[in-house]
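# Structural overview
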Amino acid sequence: DLWGRKKVILFSVGGLFISFLIMSLGISLRHIFLFLAGRLLSGLMAGSQPLSQAAIADISTPEDKPRNMNLITLTNCVGLVFGPIIAGVFT
């Protein structure tokens, strides 16, 4: 609440983007420490999901809150299931 949720979410997503670039560069250059540095940064920037859930909980009405929380869980599960499948197809 000190900096605002929008700024923190944007910072987290931007940090994840940079960490994925660092990891891909580490793979391209076959440099394990660069890949691990990107992985470390992505772990530090992974705080956007709980913050997004808190924002959804704040703006939802009591009647819509369970539905909205279920939609967050659904999209997370769909991404975890179909993400690796899509990556395997393209690989």
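A brief structural summary.

Conventions used here
- Residues numbered from 1 in each chain as written.
- Predicted model: local features only at pLDDT ≥ 70, side-chain atom pairs only at ≥ 80, totals over all residues.
- Heavy atoms only, no water.
- Helix = DSSP H or I, 4+ residues; strand = E, 2+ residues; numbered from the N terminus.
- Rg over C-alpha atoms; globule rule 2.2 N^0.38 Å.
- Contact = heavy atoms within 4.5 Å.
- Salt bridge = Lys/Arg side-chain N within 4 Å of Asp/Glu carboxyl O.
- Buried < 20%, exposed > 50% of the residue type's maximum accessible area, 1.4 Å probe, protein only.

## Description of the overall build of the protein chain
Of the regular secondary structure elements, the protein chain holds four helices and zero strands. For the protein chain, the α and β elements follow one another from N to C terminus as α-α-α-α. On C-alpha atoms alone, the protein chain measures out to a radius of gyration of 16 Å, which is more than a quarter above the 12 Å that the 2.2 N^0.38 rule sets for 91 residues. Along the three orthogonal principal directions, the C-alpha set of the protein chain runs to about 50 × 35 × 15 Å. Here the analysis covers contacts within the protein chain between residues at least 6 apart in sequence; of these, 42% occur between residues at least 24 apart.

## Details of the side chain of S12
Relative to the elements of secondary structure, S12 occurs in helix α1 (residues 5–29). Residue contacts for S12: discarding those within four places in its chain leaves M45, G47 and S48.

## Quick notes on the pattern of salt bridges
Applying the stated criterion across every chain yields a total of one salt bridge. With a shortest N-O distance of 2.3 Å, R5 and D58 are connected by a salt bridge. On the criterion of sequence distance, the pair formed by R5 in helix α1 and D58 in helix α3 (residues 48–59) is long-range, its members being 53 residues apart. Exposure remark for R5: the relative accessible area of 27% places this residue in the partly exposed category.

## Notes on unusual backbone geometry
Even without glycine at this site, R30 takes up a positive phi of about 55°. As for its placement among the helices and strands, R30 is situated in the loop between α1 and α2 (32–44). In this structure R30 comes out as exposed when scored by relative accessible area, which is 77%.

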